[in-house]
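Close look at the chain arrangement
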Amino acid sequence: MPAWTDLGDGVLVRQSRAYQMNSTVVVHEGRALVFDPGVLPSELADIAAVVERHVPRFENVTLVFTHPHWDHVLGKPWFPLASTVAHVGFADEVERDAAKIDADAKAYVEGAGEPWPRPFEAFEPALKLRGTVGLRIGERELIAYDMPGHSPSQQSFYLPEIGLFVAGDTLSDIEIPWLDGPPWVYRRSLQALHWVFEQEQVKFLVPGHGAVARGRTDAYKRLLRDIDYLLLLEGEVGKAFTKGWSLADTQAELAKMGFVGKDAAYSMNDVHRDNVTHTYEGLLEQADLK
Ligand SMILES: [Zn+2]
């Protein structure tokens, strides 16, 4: 499979060898937006070279980060002078996790047979976004949606003029919702996207990992499938919890559930198991509050 996919309208998506992670480049009127440049150094050099061909001055490049997990935040040093955009909570998270981001990146990159050129350095985005907000960068309009549930500071982005939705780590065809806390937080985030897929002419949905969804219907199906997964997870863990089952018994029972990426080469089994734990712990917390 070629690394680059040209979606037209100046939109280029590069898929990494690492977890099929996607970086999205949007070129327009002498400017470029680059979402989540990553992952391997050779791939970052390739993305920087392609961007440079379209936009030779990196002052005219804006890097947009969907969330502060290691595979999404490594690209900044490859784009000196580029501006940066992320959620207001992003800087605190990368600062807190900088050592782990560096260790995870180094281990992965060296495992993939490439040298890790420099330690990861935490950074503060030049433009910090709060909540669901519209902005204009150069001549492109951009709507940012708050998407907590996978990371507290995750955002998805919609570019209405070209029907492009950059999802971050949601709405993947190879990953289930990957929780960092109770599932209802994630579900609330997804609910807000109903209106995007109802009202907007979404042409392409680029997930953090996996294949691009083409057209509104395909995108909408992923949304419904992920909400379905979360509802089933909550329902089944809730039943076990009400019966007084232990976490271990609940995990064993919920391992029978069907989900995207079950027993796949890129397996979601451990993620599902952790999701069960987050759900169970969320119920424990609620019970404690009563
Ligand atoms: Zn992530």
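A separate point is the pairing of strand E5 (residues 61–64). Burial along E5 is two-sided: the face carrying Val 61 and Leu 63 and the face carrying Thr 62 and Val 64 are both buried. In this sheet, E5 lies alongside strand E4 (residues 31–35) in parallel orientation, the contact comprising four bridges. When the sheet's bridge partners are listed, Leu 33 is paired in E5 with Thr 62. As for the winding sense of the linkage, the β-α-β connection from E4 through helix H1 (residues 41–54) to E5 is right-handed. Strand direction decides the pairing type here: E5 and strand E6 (residues 83–87), joined by three bridges, are parallel. Directly across from Val 64, in E6, lies its bridge partner Val 85.

Okay, the sheet that holds strand E9 (residues 140–146) next. Taken together, six strands build an open sheet; the order of strands is E8-E9-E10-E11-E12-E13 and the sheet is mixed. Only two strands of the sheet have a single partner each, and these edge strands are strand E8 (133–137) and strand E13 (213–214). Where E8 lies against E9, five bridges are found, and the strand directions are antiparallel. From the neighbouring strand, Arg 136 faces E9, where its bridge partner is Glu 141.

Only His 67 (NE2), His 69 (ND1), His 150 (NE2) and Asp 169 (OD) from the protein reach the zinc ion as donors, at distances of 2.1 to 2.3 Å. Seen from the zinc ion, its four donor atoms lie at angles of 86 to 175°, and the figure they make is irregular. Between consecutive donor residues of the zinc ion, the sequence gaps follow H-x1-H-x80-H-x18-D. Of this pair, His 150 sits in the loop between E9 and strand E10 (155–159) while Asp 169 sits in the loop between strand E11 (164–168) and helix H3 (183–199), placing them 19 residues apart in sequence. Judged by relative accessible area, which is 7%, Asp 169 ranks as buried.

So, on to the pattern of salt bridges. Within this structure, the stated rule accounts for 15 salt bridges. With a shortest N-O distance of 3.1 Å, Glu 59 and Arg 57 are connected by a salt bridge. One salt bridge in this structure joins Glu 124 and Lys 128, with 2.9 Å as the shortest N-O distance. The partly exposed category is assigned to Lys 128, whose relative accessible area is 34%.

So, about the packing of aromatic side chains. Aromatic ring pairs: the centre-centre distance and the angle between the two ring planes describe each pair. Applying the stated rule across the entire model yields 15 aromatic pairs. Arranged with centres 5.7 Å apart and planes meeting at 55°, the rings of Phe 35 and Phe 157 form a pair that is tilted. One end of the pair, Phe 35, is in strand E4; the other, Phe 157, is in strand E10, and 122 residues separate them in sequence. Of the two residues, Phe 35 and Phe 157, neither departs from the other in class, the shared state being buried. An aromatic cluster is defined as three or more aromatic residues linked by ring pairs; in this entry it consists of Tyr 145, Tyr 158, Phe 165, Phe 197 and Tyr 220. Across from the ring centre of Trp 78, 4.9 Å away, lies the NZ or CZ of Arg 118, which sits over that ring.

About the criteria used
Along each chain, residue indices are assigned from 1 in the same order as the chain's sequence is written. Thresholds applied to this predicted model are a pLDDT of at least 70 for local features of residues and 80 or more for the giving and counting of side-chain atom pairs; totals over whole chains, interfaces and linings are not thresholded and use all residues. With hydrogens and water set aside, each side-chain value is computed from the structure's full complement of heavy atoms. Each residue's exposure class comes from its accessible area (1.4 Å probe, protein chains only) as a fraction of the maximum for that residue type: buried when under 20%, exposed when over 50%, partly exposed otherwise. Secondary structure is summarised from DSSP: a helix means a run of H or I of at least four residues, a strand means a run of E of at least two, and numbering begins at the N terminus for each. Whether two strands pair depends on DSSP finding at least two bridges between them. Orient the strands so they point away from the viewer, and a crossover whose first-strand-to-second-strand path over the helix runs clockwise is right-handed. Donor criterion used throughout: N, O or S atom within 2.8 Å of the metal, extended to 3.2 Å for Na, K and Ca. Water excluded; incomplete-looking sites may result. Under this scheme a four-donor centre is tetrahedral when all angles range from 85 to 135 degrees, a four-donor centre is square planar and a six-donor centre octahedral when opposite donors are above 155 degrees with the rest from 65 to 115, and any other centre is irregular. Whenever a carboxyl oxygen of Asp or Glu lies within 4 Å of a side-chain nitrogen of Lys or Arg, that contact is scored as a salt bridge. Classification of ring pairs rests on two measures: the distance between centres of Phe, Tyr or Trp rings, Trp counted by its six-membered ring, which must be within 6.5 Å, and the angle between planes, read as stacked under 30 degrees, edge-to-face over 60 and tilted in between. Note on geometry: a ring has a charge over it if NZ (lysine) or CZ (arginine) is within 6 Å of the ring centre and within 35 degrees of the ring normal.

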